[in-house]
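Next come the chains, spelled out residue by residue.
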Amino acid sequence: MLLRWLEVTDFRMHKSVALQPSEGLTVIRGPNGSGKTSLLEAIGYLATLSSFRGAGSVDLIRAGTAGAILRGEFAVTDRRLLVETEVRPAGERNRTQVNRQPLRRAADLQEQVPVLTFQPDDLLVVKGSPGSRRDAIDGAVVSLNPRVAEDRRRLSVCLRQRNALLRQIGPGGGQRMDADSRRSLDIWDDRLAAAAETWASHRRRTVEELQPRMERLFRRLSGDATVPVDMAYEPGWLATGLAVALTEARGEDLQRSVTTVGPHRDDLEWSLDRLPARTHASQGNQRCLSLALRLALHETMTEAGGEPPLLLLDDVFSELDATRQAQLLELLPAGQVLLATAGEVPPAARPAEVLSIDELPATAAAR
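In this text the structure is predicted, and so the values were computed from the model without any measurement.

Asks: It is not clear to me how the overall build of the protein should be interpreted in this structure. Could you clarify?
Replies: Within the protein, the secondary structure is distributed over 10 helices and 14 strands. Whereas a compact globule of 367 residues would reach a radius of gyration of roughly 21 Å, the protein reaches 22 Å, a difference of no more than 12%. With the C-alpha coordinates of the protein rotated into their principal frame, the extents come out at 65 × 55 × 35 Å. The proportion of buried residues among the 367 residues of the protein is 51%. For the protein, long-range pairs separated by at least 24 residues make up 72% of all intrachain contacts whose partners lie at least 6 apart in sequence. When the accessible surface of the protein is split by element, carbon and sulfur atoms take 47% of a total near 17200 Å². Looking at the protein, you have 47 positive and 49 negative side-chain charges, and the mean spots of the two groups are 4 Å apart.

Asks: I'm lost on the pattern of salt bridges in this one. Help?
Replies: Side chains that differ in charge, positive against negative, can pair when their charged atoms come close. Per the counting criterion, the structure on display carries 35 salt bridges. As a salt-bridge pair, R153 and E150 come within 2.7 Å of each other at their nearest N and O atoms. Of the two residues, R153 and E150 both sit in helix 5 (residues 149-169), 3 residues apart, roughly one turn of that helix. Assessed through its relative accessible area of 46%, R153 is described here as partly exposed. Note that R250 and D186 form a salt bridge whose closest N and O atoms lie 2.8 Å from each other. Taken as a pair, R250 in helix 7 (residues 242-256) and D186 in helix 6 (residues 179-222) lie far apart in primary sequence, 64 residues in all. Classification of D186 by relative accessible area gives partly exposed; the value is 35%. Here the salt bridges do not stand alone but share partners, grouping R162, D186, D189, R250 and D253 into one network.

Asks: How should the sheet that holds strand 5 (residues 79-87) be read in this particular structure?
Replies: Whether parallel or antiparallel, the strands of a sheet pair through hydrogen bonds between backbone atoms. Pairing is antiparallel across the open sheet formed by 6 strands, whose spatial order is 2-1-4-5-6-7. Edge strands, defined here as strands with exactly one partner in the open sheet, are strand 2 (14-19) and strand 7 (101-102). Relative to strand 7, strand 6 (residues 95-98) runs antiparallel, the two sharing 2 bridges. Paired with V98 across the bridge in strand 7 is Q101. Relative to the sheet, helix 1 (residues 36-48) contacts strand 1 (2-11), strand 2, strand 4 (68-76) and strand 5, its axis offset from that of strand 1 by approximately 110 degrees.

Asks: Is there a simple way to think about the pairing of strand 10 (residues 269-272) in this case?
Replies: Here is the key point about a regular strand: its side chains alternate between the two faces of the sheet. Across the two faces of strand 10 the burial differs, with W270 and L272 buried and E269 and S271 not buried at all. As paired elements, strand 9 (residues 229-232) and strand 10 share 4 bridges and run antiparallel to each other. Across the sheet, residue M231 finds its bridge partner in strand 10, namely W270. Where strand 10 lies against strand 11 (residues 275-276), 2 bridges are found, and the strand directions are antiparallel. Residue pairing for strand 11: S271 is matched across the bridge by P276.

Asks: Just to check I follow, could you spell out helix 10 (residues 322-331) for this structure?
Replies: Within an α-helix, residues lying three or four positions from one another point in the same direction, as the helix has 3.6 residues per turn. Those residues of helix 10 not exposed but buried are R324, Q325, L328, L329 and L331. Looking straight down helix 10, one finds its buried side chains confined to an arc of 170 degrees; they lie on one side. With respect to the buried face of helix 10, the exposed residues turned more than 90 degrees away are A322, T323 and E330. Buried residues along helix 10 sit in contact with strand 8 (115-118), helix 6 and helix 9 (283-305).

Asks: I keep staring at the sheet that holds strand 11 and nothing clicks. Help me out?
Replies: Across the sheet, which stays open at both edges, the 3 strands sit in the order 9-10-11 with antiparallel pairing between neighbours. At either margin of the open sheet sits one strand with a lone partner, and together these are strand 9 and strand 11.

Asks: Whenever I open this one, the environment of Q283 confuses me. Can you help?
Replies: Along the chain, the position of Q283 falls in helix 9. Exposure remark for Q283: the relative accessible area of 42% places this residue in the partly exposed category. Sequence separation of Q283 and P31 is 252 residues, and the distance between their C-alpha atoms is 26 Å.

Asks: Mind showing me how you'd approach the side chain of R250 here?
Replies: Classification of R250 as buried rests on a relative accessible area of 14%. In this structure, R250 is in contact with R182, L185, D186 and D189, ignoring residues within four places of it in sequence.

Asks: Help me out: how do you make sense of the packing of helix 9 against helix 10 in this one?
Replies: What describes two packed helices is the angle between their axes and the distance between those same axes. Where helix 9 meets helix 10, the closest approach of the two axes is 12 Å, and the angle between their N-to-C directions is 10 degrees. Looking at the two axes, helix 9 sits roughly parallel to helix 10. Here helix 9 runs over helix 10; the crossing is right-handed. Taken together, the residues of helix 10 that come into contact with helix 9 (itself represented by G284, N285, C288, L291 and L295) are R324, L328 and L331.

Asks: Please explain the nonpolar core as it appears in this structure.
Replies: Within soluble globular proteins, side chains that are nonpolar generally end up buried alongside one another. If you look at the biggest cluster of nonpolar residues, it comprises 72 residues, and the most contacted ones within it are F118, L242, W270, L313 and L328. Residue contributions to this core peak at 14 residues, all from helix 6. Ranked by size, the runner-up nonpolar core spans 37 residues in total, among them L60, L81, V87 and L360.

Procedures and definitions
Position numbers for residues count from 1 along each chain, tracking the sequence in the order it is written. Given that the model is predicted, a residue must reach a pLDDT of at least 70 before its local features are reported, and side-chain atom pairs must reach 80 or more before they are shown or counted; all residues, however, enter totals for whole chains, interfaces and linings. In computing side-chain properties, one takes all heavy atoms of the structure into account and sets aside hydrogens as well as water. In this text, helices come from DSSP runs of H or I with a minimum length of four residues, and strands from runs of E with a minimum of two, each type numbered from the N-terminal end. For this measure, only C-alpha atoms enter the radius of gyration; the expected value for a globule follows 2.2 Å times N^0.38, where N is the number of residues. Burial here depends on accessible area, computed with a 1.4 Å probe over protein chains only, as a share of the maximum for the residue type. Under 20% is buried, over 50% is exposed, and the range in between is partly exposed. Pairs of residues are marked as contacts when any of their non-hydrogen atoms sit within 4.5 Å. Areas reported here follow the Shrake-Rupley algorithm with a probe of radius 1.4 Å; residue values treat only the protein chains shown as occluding. Under this rule, positive means Lys or Arg and negative means Asp or Glu; His and the chain ends count for nothing. Charge coordinates come from a single atom per side chain, which is NZ of Lys, CZ of Arg, CG of Asp or CD of Glu. What counts as a salt bridge is simple: a side-chain nitrogen of Lys or Arg found within 4 Å of a carboxyl oxygen of Asp or Glu. In this description, strands pair whenever DSSP reports at least two bridges between them. Every axis in this analysis is a line fitted to C-alpha atoms, fitted for helices over the stretch in contact. Angles between the N-to-C directions lie between 0 and 180 degrees. When we speak of the arc, we mean the arc of directions from the helix axis to the C-beta atoms. The scheme is simple: roughly parallel for angles under 35 degrees, roughly antiparallel for over 145, roughly perpendicular for 65 to 115, oblique for anything else. Note: crossing handedness is left-handed where the near helix turns anticlockwise from the far helix by less than a right angle, and right-handed where it turns clockwise. For our purposes a nonpolar core is just a set of buried Ala, Val, Leu, Ile, Met, Phe, Trp, Tyr and Cys residues, chained together by side-chain atoms within 4.5 Å.

See the structure below:
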């Protein structure tokens, strides 16, 4: 899968910029704050209709403008896909077309245009918060099967509705809860339990698929060919089911006016040499584990799709020593790669093209 060209208008700090990357490695260089990451973000947004930085629409639109426009053409096997999207302010609906036809669901686009991003925050996943690990595995779930994003949305809705009901009842309200409130809470318990167990099954299946690849890739990156590596997703509530766990936690949930158990509180456990990696692994090995997870996902997406996804590297090499830079490059399969960097390009990279961010042309419409 290839990005043939990209045009960006009023996105982040970019008033108008056009890009035609090579089919191999294209390096985009520039100082910090020059918009390199925003350009990669625009590519990712055009393919997934979401920001890999977690930004909402209002943050993506250049200040003082009515909306951002992104256009690009992807080559997918023997087809060309012209994708055009308009990012509108909060409260207005974004509009996306594929080959001049309105797009019905983001998952339909994501299935056709696979993209994977490596960014510096990926290297902090192992020692970071449980939320960062949940985001990592949830991102992997959707990357491997975009259509299950609807299951994630359903879980989010159920959790939001249950929390709203808990707030409505109020702290200590369990003692005076009327029949209607109790019945409503029972209903949302059932709905949340069903949605949670569906999403948990997606997480477990993805972890099981990525685990052996991650172990093999970690050993390559770290140079330790024998150390046991494990990644597990085994939340305590899975043993009895979330419905039982919610019943047991209802008193605390009512007191705190929030749901205290479920997928939104789970963690992904890594161990290295049978010890918790978060507390016992060196910083270098923690980085290797995080990279191994992303590489395992890249490998799995490549096998599933028959060709590598478009790979976006956001200054990730600056966080690695020379040995791991070379290993990372060696482990990436052939395919189109865009690398944004403020520093030197790793010697082993051998880019097909090096572009300066401040020398990229404006879009045709702005010239």
